[in-house]
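Here's the letter readout for the chains.
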Amino acid sequence: MIEKEDPIISEEEAAQYDRQIRLWGLDAQKRLRGSRVLLAGLGGLGAEVAKNLILAGVKGLTLLDHEQVSEDSCRAQFLVPVSAQGQNRARASLERAQNLNPMVEVHADPDRVEDKPDDFFLQFDATARFCSLKEALEVDWTSEKAKAALKRTPLDYFLLHVLLKFRTDKGRDPDPKSFTEDGQLLRQIRDDVLEALALSSDLLNDDFISYCFSEVSPVCAVVGGVLGQEVVKALSQRDAPHRNFFFFNGRKGSGVVDYFGPN
Amino acid sequence: MADAEEPMAVESGHRDGGWDGRWNHVRKFLERPGPFTHPDFEPSTEALSGFRLIHVVDMDTIDVSNLNRQFLFRPKDVGRPKAEVAADFINNRIPGCKVVPHFKKIQDFDESFYRQFHIIVCGLDSIIARRWINGMLISVLSYEDGVLDPSSIIPLIDGGTEGFKGNARVILPGMTACIDCTLELYPPQINFPMCTIASMPRLPEHCIEYARILQWPKEQPFGETSLDGDNPEHIQWVFERSKDRASQFNIPGVTYRLTQGVVKRIIPAVASTNAVIAAACATEVFKIATSAYIPLNNYLVFNDVDGLYTYTFEAERKENCTACSQVPQDLQFPPSAKLQEVLEYLTENASLQMKSPAITTTLEGKNKTLYLQSVKSIEERTRPNLCKTLKELGLSDGQEIAVADVTTPQTVLFKINFTA
């Protein structure tokens, strides 16, 4: 991590950020003002997080995405113009992202995150560390304690397992154009995942399939709001981050924080 | 989101277990004939979700401090009306969506305006305004033989935020809990007691209130002008007097920023909380408009001050709610009670919380104003009535009084029952 100089908040910034400075204080705003953030993935959720960080006044935000703009991108991702189909998603999001706040340095990078050398990441400020996603997903559900916890566990956690496996196997997310085949595969993966965790396949019934095919913009905004604030907390070192998953259910309008990982 | 080829239908509710029976009334509402249940309806925050015609009402202009979260506005828009800039932005950005702006107060419109809408969403900045729109939508309800006609219901989706806290709720006027049903849920506004301000300050805020409430009117530093929170000279004056007071009592923490915050009653605000609550509201509008899902039932609270807390519960209707229950409100007073006491009851009672009620009644067949504050000449003329007893004013047992107030677009009727 690069050493930061102590940033100064200009009068213009103090006026624009007044309402949030009253909330988290001037020191926190200064730390934000000196932070460079990397955001990988500019789908609906990524765009919402980008918006929240840009409005908050970080020093720099790099939008990293190797994907191209598809027809679906425009429905839930408001930074990409309808005319940008076929372009790189990060580059297509740049103009509107920058316009949100000229005081932030916004960059677009069309590369894959896997292709980046280690020292690429050094230019960004570290976010708070959780256990890795892999560890969070490797919970042993056969123990008595886990079985008791199962009742309170949001089903979305298992849905996450299924979606990640789909992504690993197919190299992409479920596509409405291949709704039937992808639906079949999702059902199959659901059965496999739950069996591997020694759980009944009744746990996640067939309804879930209809939730897997696209992003709904308001749901992106809710999760993007929470996620954005998590990043702000981490950068401003003011509060502890959530432990460690937040699930939002748009159908019921309810959210839950839960912890998954080594005890 | 379900495949577009599947027919839009109300969620049957089996899989959601306990939601089943409770939602029968909502199902009746959602299944009624109307634009929502049109088979060709395309559900394609609402503009992105495919809504075609949106009217926006806002009486405010854009300030630079709005830009940290109100992302439809840019620095060049400062000074312009919010409704108009928001409309321009969306009309230019989303093809096929029309936003019609109204640079007005919600109270500038009457029921003929509000009746044209299928759904109303608000992000208002005061409880008074919320109660007003709530009252307006209740006033357009129609009852036949005492039974509510579902086609007269206009759903109200209300969201609000303050710093890291927020809430979103769905109100079906006449059917589910309204704003006034849950008035007691709102925390009381912070107003410091006068004795603390005048003689025993402990906080920097007390010192600022001292300068604002006591010193400014006494010293009139800029002539007979009232204190203007947007005038830096005024704030500077209050700031300096506050510092003096604070140093007398050894109280740290008086800053220019704090002074401004106290004088203008500034509420901190950030993009993330607003994103969450706005999105929750938009989701509900979408669900109701498409009749495709059961709406939020019916109150969501969100708080990420410390960690993250969110909870959804069903706020219940109040049986004798002054706004929506249609139950005539009974008041008990002895005939020797002064009108002042009635006024205090109307303003201080937790379920009523009126701001400056105007009381009229019918005596000897004629309409008589007992007390009205908002017009200076009438206030002066009726002020002596406050010290008169109800008997002296000619009121009898069971007398009906009509009360008007900013919290409601319609007058509320009360019946005064005499106690011994």
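Residues numbered from 1 in each chain as written. Chains lettered and ligands numbered in written order. Predicted model: local features only at pLDDT ≥ 70, side-chain atom pairs only at ≥ 80, totals over all residues. Heavy atoms only, no water.

The next thing to look at is the overall build of chain A. A count of helices and strands for chain A gives ten helices and five strands. Counting the 263 residues in chain A, one finds 48% classified as buried. When contacts within chain A are restricted to residue pairs at least 6 apart in sequence, long-range pairs at least 24 apart make up 60% of them. Summed over its atoms, the accessible surface of chain A is roughly 13100 Å², and 50% of this surface lies on carbon and sulfur atoms. (Helix = DSSP H or I, 4+ residues; strand = E, 2+ residues; numbered from the N terminus. Buried < 20%, exposed > 50% of the residue type's maximum accessible area, 1.4 Å probe, protein only. Contact = heavy atoms within 4.5 Å. Areas by Shrake-Rupley, 256 points an atom, 1.4 Å probe, with all protein chains shown as cover.)

This part takes up the packing of helix α2 (residues 18-33) of chain A against helix α8 (residues 256-263) of chain B. At their nearest, the axes of α2(A) and α8(B) sit 12 Å apart, and the two run at 110 degrees to each other. In this view, α2(A) runs roughly perpendicular relative to α8(B), as classed from their interaxial angle. Residues A:D18, A:I21 and A:R22 of α2(A) form the contact with α8(B), whose own contacting residues are B:R257, B:Q260 and B:G261. Taken together, the residues of the contact of α2(A) with α8(B) sort by class into one nonpolar, two polar and three charged. (Axes fitted to C-alpha atoms, helices over the stretch in contact; angles between N-to-C directions. Parallel < 35°, antiparallel > 145°, perpendicular 65-115°, else oblique. Nonpolar A, V, L, I, M, F, W, Y, C, P; charged D, E, K, R; others polar.)

With that settled, consider empty space enclosed by the protein. Here the largest cavity is characterised by a volume of approximately 60 Å³. Looking at the lining of the largest cavity residue by residue, the classes come out as six nonpolar, six polar and no charged. (1 Å grid on protein atoms, 1.4 Å probe; cavity = no way out; pocket = protein on both sides within 12 Å on 5 of 7 lines; lining within 4 Å. Points joined across faces, edges and corners; volume = space filled by probe spheres on them.)

Here we come to the confidence of the model for chain B. On average, residues of chain B score 86 in pLDDT, and 88% of them reach the 70 mark or higher. In the predicted complex, the global pTM is 0.78; the interface-specific ipTM is 0.78. (pLDDT = per-residue confidence, 0-100.)

Moving on, we get to the pattern of salt bridges. Enumeration over the complete set of coordinates arrives at 26 salt bridges over all chains. The partner of A:K51 in a salt bridge is A:E48, and the shortest N-O contact between them spans 3.5 Å. Taken as a pair, A:K51 and A:E48 lie in helix α3 (residues 44-56) at a separation of three residues, close to a single helical turn. A salt bridge links B:D77 to B:R80; the nearest nitrogen and oxygen atoms lie 3.9 Å apart. (Salt bridge = Lys/Arg side-chain N within 4 Å of Asp/Glu carboxyl O.)

With that settled, the discussion passes to the sheet that holds strand β7 (residues 165-171) of chain B. Residue and element names in this part refer to chain B. Here five strands make up an open sheet; going across it, the order is β3-β6-β7-β8-β9 and the pairing mixed. Two strands in the sheet have a free side with no partner beyond their single neighbour: β3 (120-122) and β9 (309-313). Along the sheet, successive strands turn relative to each other by an average axial angle of 10 degrees, direction set aside. Judged from the five bridges that link them, strand β8 (residues 299-303) and β9 form a sheet pairing that is antiparallel. Paired with Y299 across the strands is F313, a residue of β9. On top of the sheet, helix α4 (residues 127-139) reaches β3, β6 (156-162) and β7; it is set at about 175 degrees to β6, its chief contact. (Pairing = 2+ DSSP bridges.)

With that settled, the discussion passes to the UniProt feature "active site" (unreviewed entry) in chain B. In the numbering used here, UniProt assigns the "active site" (unreviewed entry) feature to B:C195. Inspection of the secondary structure assignment puts B:C195 in helix α5 (residues 194-198). (UniProt positions renumbered as here; feature names shortened; annotations may be inferred.)

All names here are of chain B. With domains assigned, chain B is organised as domain 1 (53-185 + 269-313), domain 2 (194-264) and domain 3 (329-418). The straight-line distance from the C-alpha centre of domain 1 to that of domain 3 is 33 Å. With eight residues of domain 1 at the contact, the number on the domain 3 side is eleven residues. Taken over both partners, the interface formed by domain 1 and domain 3 buries close to 830 Å², and the fraction arising from carbon and sulfur atoms is 58%. Linking domain 1 with domain 3 are zero salt bridges, by the criterion used here. There are three residue pairs in polar contact (both at pLDDT 80 or more) connecting domain 1 and domain 3. (Domains from an automatic or database assignment. Buried area = accessible area lost by both parts, 1.4 Å probe. Polar contact = N/O pair within 3.5 Å; in protein donor to acceptor, adjacent residues only side chain to side chain.)

This paragraph deals with the packing of helix α6 (residues 204-219) of chain B against α8(B). Residues and elements named next belong to chain B. Relative orientation of the contacting elements α6 and α8 amounts to 60 degrees, with a least axis distance of 10 Å. Read as a crossing pair, α6 and α8 show a hand that is right-handed. For the pair α6 and α8, contact is made by P204, E205, I208, E209 and R212 and by L258, T259, V262 and V263, respectively. In terms of residue class, the contact of α6 with α8 is made up of five nonpolar, one polar and three charged. (Left-handed = near helix turned anticlockwise from the far one by under 90°.)

Moving on, we come to the nonpolar core. Among the nonpolar cores identified, the biggest contains 31 residues, and B:Y114, B:I120, B:I133, B:L156 and B:C178 are the most heavily contacted of them. Of all elements in the fold, only α3 (111-114), β3 and α4 of chain B reach the threshold of two or more residues within this core. The element contributing the most residues to this core is α4(B), with six residues. In terms of nonpolar packing, the next biggest core, distinct from the first, is built from 30 residues, A:V37, A:A47, A:L55 and A:A90 among them. (Core = buried A, V, L, I, M, F, W, Y, C linked by side-chain atoms within 4.5 Å.)

The subject of this paragraph is the side chain of B:N68. Relative to the elements of secondary structure, B:N68 occurs in the loop between β1 (53-57) and α2 (82-93). Its relative accessible area of 0% is what places B:N68 among the buried residues. If we ignore the near neighbours within four places in the chain, the residues touching B:N68 are A:Q16, A:Y17, A:R19, A:Q20, A:L55, B:A269, B:V270 and B:A271.

Residues and elements named next belong to chain B. Here the residue pair N297 and N298 is connected by a cis peptide bond, since its omega of -10 degrees sits within 30 degrees of zero. Relative to the assigned elements, N298 resides in the loop between α9 (271-290) and β8. Even without being a glycine, S291 presents a positive backbone phi close to 55 degrees. By the element assignment, S291 lies in the loop between α9 and β8.

Below, the discussion takes up the confidence of the model for chain A. When pLDDT is averaged along chain A, the result is 79, and 76% of the positions lie at 70 or above. Averaged over each element, pLDDT in chain A is lowest for helix α6 (residues 133-137) of chain A (53) and highest for helix α5 (residues 89-100) of chain A (96).

Residues and elements named next belong to chain B. Taking burial as the measure, the seven residues of β6 include five buried ones, the bulk of the element. Where β3 meets β6, three bridges bridge the pair, whose relative direction is parallel. What sits directly across from C122, in β6, is D158. Pairing of β6 with β7, which is carried by seven bridges, proceeds in the antiparallel orientation. Within β7, the residue paired with I157 across the bridge is V170. Between β6 and β7, which follow one another and run antiparallel, lie two residues, and G163 among them has a positive phi close to 60 degrees.

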